[in-house]
Amino acid sequence: PQAHAAPEPHAAPQPNAAPQPHAAPQKSTAQNGLGEDREAEGRTALRNLAGITRVAEINRDGLNQIGYIAFERLIYSDAAVSILSNIFATFSESDRMVIDLRECGGGDADIVKFISNYFFDEPTHLVSTQTRNGPVQERWTKTNALSDVFSKKKLDILISESTFSAAESFSFGMQRTGRARLLGKATGGGGHMNDFFALPNGFGASISVGRTFDPRTGEGWQTRGVEPEIIFERDHTLSETMKLITAESHKLETFSPDQLDVYQTLQDYTHAWYNSESAEMAGLISAEYLATYHAGQTVETRNFDQQISSTQNGVGQRIQLYHNRIIRNIDLSGELAEADLILRDTIHRIRLQKSGEEWKILADEYKDKPMHG
């Protein structure tokens, strides 16, 4: 189960710079105007150069790291190829991939081919296109340096009624080859290619001149759209997909009942800190709580009252796509437990004690995370 799913994102990092993994709020946080300006410029550049609206590594459950890219347009250019190459290189260690095409109205077939190449470790016939009075054109994948890596990763593609044209072609080809699962709503149904002709008196006509289809069955998706395997409401497709991925990973099934309770306590602890939920924080930490921060030669401490005050004052908050975290190494010893909690900028060793049926956090010893390489 996924606790406290954050709202779906509306931002992306700068182009040609690898998105930062494990993104989550840091110990202290105020972003100055210059940083916000650079972030806004990066989002604009990503959208203009590559049609990308959002990109991040998502780890909402603390267990599964997901490479995520959202497109509003599939643009083919040298800049777009460079940006996507960099993103895929960064995502090479992610557990699986999600490509979000819910807002994508189409684009260029060449970038569809480029993206598809990552997900097959041998040449694969995706779709074919027939034009009037022209030969059938076949779309095949070609392997690249990372095909062997990404061909082994599960791929989910998110679609909606606004997914159209080249975005449908990508979804259709990946679905028909059994390479991806589609989630959301049926797409817009633009399976034919049209030419536009001017008519007298300012009128014009759009006439279909070709169609793209599955070479194995001859079927296309004109009018009816590409159908998802799993139907989700458009605005909840990403969060529901994240929940599904958590369940399908079966990682929670490896936990004992007490480990599962500790895991949920750490989920709630992270949520309370990031969202300034001081009342929730007070219910999670022990009266003997002590947080210790190690930075070089400086050691700072925070007790119960200071932690509640800091939470209420929003020290943990930061404008970010996701409140990510990694939870691992949950060790039990009678009524005591220890676990690792990794956030955006800090690595925590948490000590907990069982109080009745609940686990309370006794200590949080943490340090700065090394810079990402």
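A. How the structure looks around the packing of aromatic side chains. Counted according to the given criterion, the structure contains 9 aromatic pairs. Ring plane angle 80° and centroid distance 5.6 Å describe the contact between F114 and Y118, whose orientation is recorded as edge-to-face. For the pair F114 and Y118, a shared accessibility class is recorded, and that class is buried. Centroid distance F119 to F150: 6.2 Å. Interplanar angle 80°. Geometry classified as edge-to-face. With a gap of 31 residues between them, F119 in the loop between α3 (109-116) and β4 (125-131) and F150 in helix α4 (residues 147-150) connect regions that are remote in the sequence. In this structure an aromatic cluster arises from ring pairing among F88, F114, Y118, F119 and F150. Stacked on the ring of F150, the Lys or Arg K153 has its end atom at 5.6 Å from the ring centre.

B. The arrangement of the nonpolar core in detail. Among the nonpolar cores identified, the biggest contains 39 residues, and I52, I69, F71, I115 and F119 are the most heavily contacted of them. Ignoring anything within four residues of it in the chain, the contact list for F71 reads A50, G51, I52, T53, L84, I99, D100, L101, E103, C104 and I115. Within the second largest apolar cluster, 27 residues are counted, among which are L252, V262, I327 and W359.

C. Quick look at the sheet that holds strand β12 (residues 298-303). Strand order in the open sheet formed by 6 strands is β12-β11-β16-β15-β14-β13, with mixed pairing between adjacent strands. Two strands close off the open sheet at either side, each with one partner strand: β12 and β13 (326-333). Along the sheet, successive strands turn relative to each other by an average axial angle of 15°, direction set aside. With 6 bridges joining them, strand β11 (residues 285-295) and β12 adopt antiparallel strand pairing. When the bridges of β12 are listed, A291 appears paired with R302. Lying over the sheet, helix α7 (residues 257-274) contacts β11, β12, β13, β14 (336-342), β15 (346-355) and β16 (358-368), oriented at roughly 135° with respect to β13.

D. Quick look at the side chain of S160. Of note, S160 is situated in the loop between β6 (155-159) and α5 (166-176). A polar contact of 2.6 Å, which involves the side chain of S160, links it to the backbone oxygen of R102.

E. Structural detail: the packing of helix α2 (residues 78-90) against α3. The geometry of α2 relative to α3 is characterised by a closest axis approach of 11 Å and an angle of 20° between their N-to-C directions. It follows from the interaxial angle that α2 and α3 lie roughly parallel. Judged by the sense of rotation from one axis to the other, the crossing of α2 with α3 is right-handed. Contacts from V81, L84, S85 and F88 in α2 reach I111, F114 and I115 in α3. Classifying every residue of the contact of α2 with α3 gives 6 nonpolar, 1 polar and no charged.

Calculation rules
Residues numbered from 1 in each chain as written. Predicted model: local features only at pLDDT ≥ 70, side-chain atom pairs only at ≥ 80, totals over all residues. Heavy atoms only, no water. Phe/Tyr/Trp six-rings, centres within 6.5 Å; stacked < 30°, edge-to-face > 60°. Buried < 20%, exposed > 50% of the residue type's maximum accessible area, 1.4 Å probe, protein only. Helix = DSSP H or I, 4+ residues; strand = E, 2+ residues; numbered from the N terminus. Lys NZ or Arg CZ within 6 Å of the ring centre and 35° of its normal. Core = buried A, V, L, I, M, F, W, Y, C linked by side-chain atoms within 4.5 Å. Contact = heavy atoms within 4.5 Å. Pairing = 2+ DSSP bridges. Axes fitted to C-alpha atoms, helices over the stretch in contact; angles between N-to-C directions. Polar contact = N/O pair within 3.5 Å; in protein donor to acceptor, adjacent residues only side chain to side chain. Parallel < 35°, antiparallel > 145°, perpendicular 65-115°, else oblique. Left-handed = near helix turned anticlockwise from the far one by under 90°. Nonpolar A, V, L, I, M, F, W, Y, C, P; charged D, E, K, R; others polar.

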